[in-house]
Amino acid sequence: MRLFFTAVIASLLMPMASSAQTLERIKETGTLNLGFRTDAAPLSFLEDNSPQGYAPTVCFALAGKIGAQLGLTDLDVIFTPVSTEDRFEKIEQGDIDLLCGASTITLSRLDMVDFSIPTYVDGATVALKAGGPETLEGLAGHKIGVRSGTTTFQALENSLKSREISAEIIQFDDHPSGMAALDGDFITAYFADQSILMNMIMGKENVSDYTVLQELLTVEKHGLALPKGDRDFRLSVDKGLSELFSDGSMQKIFESKIPGAQMGFGLKAMFLLSPTLP
């Protein structure tokens, strides 16, 4: 199995025939096209010009399982960077076969794409400067930040509305910009997935200057997005993931790509509830 990464994928891939199912095209071309987020560390990010993190590593291991199912001994795996704005469109348009990033499974997204069985469980929460408000209600009247185009933004709006909390929401194009605004006291709090917030804070020299609230606004189940209605491909993906859960590979990937993290109840349940083989 060979791994490739390209920032401009369109010129390198053969057009996908609209009538061809994903597994048929993969077997015919010997190529699996994977999309990944470049800015959602530790789950999916770009480093040293290559895809890194929990989700891309899971997908690369999964590629070996899919190749074995198809009898392919030499499968080319091509990673393409995607954004929060175009990631599902690239699935719909056939630019990528599978989305390997921090993607929450939601009913609205299921109207556009299908998802694999859950591969990760996270939750939206908030990072603040040490000594700041200790509850969501304490943020009333403050400027608070969140990344645009995410389920966290929707959850934040809903939580503020349900609790009748008035705060000014500032939207950012990426997580580093949001954290920089928190660093500079332009905002009082920054909302994102707990794993993303912890990773950004642990990378700072002054870790003790920040805190992440334990309260979760949501419990978000992540999955690998894939073409809608392609039952055979989804079954192949779920079978491969189930094998990775069963043989211990998923836990090893978690431990190596998110070092020091402790599994919460949601993650432990996900590992226990993966589909039974065969």
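Residues numbered from 1 in each chain as written. Predicted model: local features only at pLDDT ≥ 70, side-chain atom pairs only at ≥ 80, totals over all residues. Heavy atoms only, no water.

Draft legend 1. Spotlight on the sheet that holds strand 4 (residues 44-47). An order of 3-4-5 is seen for the three strands of this open sheet, with the pairing classed as antiparallel. The open sheet has two edge strands with one neighbour each: strand 3 (39-40) and strand 5 (50-52). Across two bridges, the pairing between strand 3 and strand 4 is antiparallel. Its bridge partner lying in strand 4, Ala40 is registered against Ser44. (Pairing = 2+ DSSP bridges. Helix = DSSP H or I, 4+ residues; strand = E, 2+ residues; numbered from the N terminus.)

Draft legend 2. Expanded view of the pairing of strand 10 (residues 124-129). Counting buried residues along strand 10, five of its six residues qualify, which places the element largely inside the surrounding structure. Where strand 10 lies against strand 13 (residues 189-193), five bridges are found, and the strand directions are antiparallel. Each residue of the ladder has a partner; that of Ala127, found in strand 13, is Tyr190. Taken together, the three bridges between strand 10 and strand 14 (residues 210-212) define a ladder with antiparallel strand orientation. Bridge pairing links Ala127 to Val212 in strand 14. (Buried < 20%, exposed > 50% of the residue type's maximum accessible area, 1.4 Å probe, protein only.)

Draft legend 3. Quick look at unusual backbone geometry. A cis amide bond links Ala41 to the next residue, Pro42, at an omega of 5°. At Asp48, a residue that is not glycine, the phi angle is positive and equals roughly 55°. Its place among the elements puts Asp48 in the loop between strand 4 and strand 5. Positive phi values are uncommon outside glycine, yet Asp185 reaches one of about 60°. By secondary structure assignment, the location of Asp185 is in the loop between helix 5 (175-183) and strand 13.

Draft legend 4. How the structure looks around empty space enclosed by the protein. According to the stated counting rule, one finds three cavities of 30 Å³ or more in the structure shown. Its boundaries defined by the atoms lining it, the largest cavity holds a volume of some 130 Å³. Elements with a contribution of two residues or more to the lining of the largest cavity: helix 4 (151-162) and strand 13. Across the lining of the largest cavity, the residue classes tally to four nonpolar, five polar and five charged. (1 Å grid on protein atoms, 1.4 Å probe; cavity = no way out; pocket = protein on both sides within 12 Å on 5 of 7 lines; lining within 4 Å. Points joined across faces, edges and corners; volume = space filled by probe spheres on them. Nonpolar A, V, L, I, M, F, W, Y, C, P; charged D, E, K, R; others polar.)

Draft legend 5. The state of the cysteines, seen in detail. One pass over the structure, following the stated rule, counts one disulfide. Disulfide pairing is shown between Cys59 and Cys100; the S-S distance is 2.0 Å. Negative torsions about the S-S bond denote left-handed disulfides, and the value of about -105° found for Cys59 with Cys100 makes this one left-handed. Here Cys59, found in helix 2 (residues 54-69), pairs with Cys100, found in strand 7 (residues 98-100); they are 41 residues apart in sequence, far enough to count as distant. This pair shows no difference in class: Cys59 is buried, exactly as Cys100 is. (Disulfide = S-S within 2.5 Å.)

Draft legend 6. Highlighting the environment of Ser108. Along the polypeptide, Ser108 turns up in the loop between strand 7 and strand 8 (114-115). A C-alpha to C-alpha distance of 38 Å links Ser108 and Asp209, two positions 101 residues apart in sequence.

Draft legend 7. Representation of the sheet that holds strand 14 within the structure. Spatially, 12-11-13-10-14 is the arrangement adopted by the five strands of the open sheet, whose pairing is mixed. One side of each edge strand has no neighbouring strand; the edge strands of this open sheet are strand 12 (168-172) and strand 14. Averaged over all pairs of adjacent strands, the angle between strand axes in this sheet comes to 30°, irrespective of strand direction. Across three bridges, strand 11 (residues 143-147) lies against strand 13 in parallel orientation. Looking at strand 13, one finds that Gly145 is bridged to Tyr190. Contacting strand 10, strand 11, strand 12, strand 13 and strand 14, helix 5 crosses the sheet at an angle of about 150° to strand 13. Packing of helix 6 (residues 194-202) onto the sheet brings it into contact with strand 10, strand 13 and strand 14, and relative to strand 13 it is tilted by some 120°. (Axes fitted to C-alpha atoms, helices over the stretch in contact; angles between N-to-C directions. Contact = heavy atoms within 4.5 Å.)

By themselves, these are just geometric observations and shouldn't be taken as functional.
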